[in-house]
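A look at the structure
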Amino acid sequence: MRRVVFVSSLVSGLVLACSYGCVAAGEPGGRGGHEPTGQPLEESTSTGHFLVTRRDVRRCAAPFCGGWFVKLVNRAETPCADGSSKPECYVSEIDLERLNLSEREVKEVTSAAESGRVIVEGRMIAMPVEDVVLGKLVATSAWMGVSGSKPTGTFYRAADNGLRCVRAPCPSTTAWALNMDESRDVTDVIITRTEVSPDPWKLRHVQAALTTEEGALVAGTITEEACETSPCRVALVASEAYLRVVPRDGKPASAIGADRDARE
């Protein structure tokens, strides 16, 4: 079966940036070189939206080192594949096969993940490797930060809710908190106050995505104006916004992996 993964490699240096044509939205010790054995366990240890926080730069043989650290957004701890709960979990690979991306597009996602600019929606499954259980994150969607700003606040999916009003302000956007059972209708999503300003082209794509049912992912804070009339203006002020990665090259990758000797 064709497998599409992105794994950090010091030798190959998969360092590129994302294409924004999309507008709709553990710490195992050092070991010798072994491939995972057996099939993934059926149970997911955790599901939802994960922030890829950093790559693993420890020096040992893959898959015990060289993968990624991930965490569920809006959660203090994440259930890891080995049964523990930690602020972030080690996964030996992130499987992007279901996204149908080309090799170039996978490299672009990899580059963004290197700098902490990728959110992956999916599930973490357990991969037994001899006497160790490693995590594998299977992606159903991937989202790329548009400005490179550090995300602060709560992570939301902000999308058009179909409400139309005779006059402004109109709460026509709903912000659903990711990995939480909470939502809030807002009148505005302000994406021009990020620490680093996105270029106008990316800004237009985010604005377009916010008018769709899928929307965009937004990290930020909801603020409410003091007003005497109803409804008041309620704004989601973004610290970073994310657009969904969609395939555009039309030629899915076969596989991308780390150089197994890079960390030995």
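Residues numbered from 1 in each chain as written. Predicted model: local features only at pLDDT ≥ 70, side-chain atom pairs only at ≥ 80, totals over all residues. Heavy atoms only, no water.

**Details of the pairing of strand β8 (residues 132-145)**
The buried fraction of β8 amounts to 12 of the 14 residues, a majority that puts the element mostly inside the structure. Where strand β6 (residues 89-95) and β8 come together, 4 bridges link them in parallel fashion. What sits directly across from D95, in β8, is V138. A loop of 2 residues connects strand β7 (residues 118-129) with β8, the two strands running antiparallel in sequence, and E130 in this loop sits at a positive phi of about 50°. Summarising the sheet, β8 and strand β14 (residues 234-244) pair through 3 bridges and their orientation is antiparallel. Counterpart to M144 in the pairing with β14 is L243. (Buried < 20%, exposed > 50% of the residue type's maximum accessible area, 1.4 Å probe, protein only. Helix = DSSP H or I, 4+ residues; strand = E, 2+ residues; numbered from the N terminus. Pairing = 2+ DSSP bridges.)

**A look at the state of the cysteines**
In total, this model carries 2 disulfides according to the counting rule given. Disulfide pairing places C80 opposite C89 at an S-S distance of 2.0 Å. Residues C80 and C89 are joined by a disulfide whose S-S torsion is about -85°; by sign, that bridge is left-handed. Residue class for C89 comes out buried when judged on its relative accessible area of 0%. One disulfide in the model links C165 with C170; its S-S distance is 2.0 Å. Disulfide C165 to C170: torsion about the S-S bond roughly 65°, handedness right-handed. (Disulfide = S-S within 2.5 Å.)

**Let's talk about the pairing of β7**
Where burial is concerned, most of β7 is hidden: 9 out of the 12 residues are buried. Both β7 and β8 contribute to a ladder of 12 bridges, which runs antiparallel. Looking at β8, one finds that P128 is bridged to V133.

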